[in-house]
Amino acid sequence: MRCEACGMEYGVTHVCPAAFGAVRKEEAEPAPPPGFAPLHYLRQGWAIARWDEIAIRRASRDGMALVYGAIFFYFAVVVQFTALALTNPRVGRLPPPALIVVGVFTLLFATVYQSLYFVLCHFLVKRFLGGNGSFLGILRPMLLSSFLLCLAAIPYVGLLATGVWWGIAILLW
């Protein structure tokens, strides 16, 4: 058999010297459309949500993925807060200015909470499990797929689905 990356012939196993640090051709993607391209990043986020390793690697190197991912994250937090305001009688009775203030504090809290969660997970993986990725390389795909947090608005099963699918599976991938 012949290795596509380095051209060497091998039998059963092969440790390819070209594979380390090299970008495979299927991972190389043309640049996203210039300007405002939310659909491109939404498709990329959906590929990440389907645990597509190539999409995760692409997003980890894309600088704009952080910006679009933050937009997706804040949108998902707003969806969760709106679902809470519509279903919880205590929150729903607040006057509109108070709802806005509570919404802003919810966004700030969610940002701090998720940031600390990612930092802790990154530290534990680097320290105890031998991980070698950068923090931004992990944060970009996580934020791009953060629209999955909208699942938390589903009563009873939403938090479990969100925690397993987005919080554990994608982060550990």
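Refer to the structure printed above.
Notes on the structure follow.

A tally of helices and strands in the protein chain yields 7 helices and 0 strands. For the protein chain, the sequential pattern of α-helices and β-strands runs α-α-α-α-α-α-α. By residue count, 29% of the 173 residues in the protein chain fall in the buried class. Considering only contacts in the protein chain between residues 6 or more positions apart, those separated by 24 or more positions represent 60%. With an accessible surface of roughly 11400 Å², the protein chain has 71% of that area assigned to carbon and sulfur atoms.

A word on a nonpolar patch on the surface. Taken together, the side chains of Leu 120, Phe 123, Leu 124, Val 125, Phe 128 and Leu 129 define a hydrophobic patch exposed on the protein surface, amounting to about 610 Å² of accessible area. Note that Phe 123 resides in helix 5 (residues 96–128). Phe 123 sits in the partly exposed class, given a relative accessible area of 47%.

Residues Ala 37, Tyr 41, Ala 47, Ile 48, Ala 55, Ile 56, Ala 59, Ala 65, Tyr 68, Phe 72 and Leu 144 constitute the largest nonpolar core, which totals 11 residues. For this core, the secondary structure elements donating two or more residues are helix 1 (38–49), helix 2 (53–61) and helix 3 (64–87). Core analysis: the next-biggest nonpolar cluster, separate from the first, contains 9 residues, Ala 76, Val 77, Phe 118 and Leu 149 among them.

Right, let's talk about helix 2 for a bit. For helix 2, the set of buried residues is Ala 55, Ile 56 and Ala 59. Down the axis of helix 2, the buried set is contained in an arc of 100°. They therefore lie on one face. Taken together, the buried residues of helix 2 touch helix 1, helix 3 and helix 6 (135–144). Put simply, Asp 52 is the residue that caps the front of helix 2, since its side-chain oxygen is 3.2 Å from the backbone nitrogen of Ile 54.

So, about the packing of helix 2 against helix 6. For the pair helix 2 and helix 6, interaxial distance at closest approach is 7 Å and the crossing angle is 115°. With respect to the hand of their crossing, helix 2 and helix 6 are arranged in right-handed fashion. Here Ile 56, Ala 59, Ser 60 and Arg 61 of helix 2 lie close against helix 6, whose contacting residues are Gly 137, Arg 140, Pro 141 and Leu 144. Its residues placed into classes, the contact of helix 2 with helix 6 shows 4 nonpolar, 2 polar and 2 charged.

Two elements in contact, helix 5 and helix 6, have axes whose closest approach is 11 Å; the angle formed by their N-to-C orientations is 130°. Looking at the two axes, helix 5 sits oblique to helix 6. Judged by the twist between their axes, the crossing of helix 5 over helix 6 is right-handed. Contacts between helix 5 and helix 6 involve Phe 118, Val 119 and His 122 from the former and Phe 135, Ile 138, Leu 139 and Met 142 from the latter.

For any pair of aromatic rings, the description consists of the separation of the ring centres together with the inter-plane angle of the planes. Applying the stated rule across the entire model yields 7 aromatic pairs. Summarising the aromatic geometry, the rings of Tyr 41 and Tyr 68 are spaced 4.4 Å apart at their centres and angled 15° between planes, so their arrangement reads as stacked. One end of the pair, Tyr 41, is in helix 1; the other, Tyr 68, is in helix 3, and 27 residues separate them in sequence. For the pair shown, Tyr 41 and Tyr 68 are each scored as buried. Taking 6.4 Å as the distance between ring centres and 80° as the angle between the ring planes, the aromatic pair formed by Phe 72 and Phe 147 counts as edge-to-face.

The rules behind the values
Residues numbered from 1 in each chain as written. Predicted model: local features only at pLDDT ≥ 70, side-chain atom pairs only at ≥ 80, totals over all residues. Heavy atoms only, no water. Helix = DSSP H or I, 4+ residues; strand = E, 2+ residues; numbered from the N terminus. Buried < 20%, exposed > 50% of the residue type's maximum accessible area, 1.4 Å probe, protein only. Contact = heavy atoms within 4.5 Å. Areas by Shrake-Rupley, 256 points an atom, 1.4 Å probe, with all protein chains shown as cover. Patch = residues over 30% accessible without salt bridge, like charges linked within 9 Å, V, L, I, M, F, W, Y side chains within 5 Å. Salt bridge = Lys/Arg side-chain N within 4 Å of Asp/Glu carboxyl O. Core = buried A, V, L, I, M, F, W, Y, C linked by side-chain atoms within 4.5 Å. Arc of directions from axis to C-beta. Polar contact = N/O pair within 3.5 Å; in protein donor to acceptor, adjacent residues only side chain to side chain. Axes fitted to C-alpha atoms, helices over the stretch in contact; angles between N-to-C directions. Left-handed = near helix turned anticlockwise from the far one by under 90°. Nonpolar A, V, L, I, M, F, W, Y, C, P; charged D, E, K, R; others polar. Parallel < 35°, antiparallel > 145°, perpendicular 65-115°, else oblique. Phe/Tyr/Trp six-rings, centres within 6.5 Å; stacked < 30°, edge-to-face > 60°.

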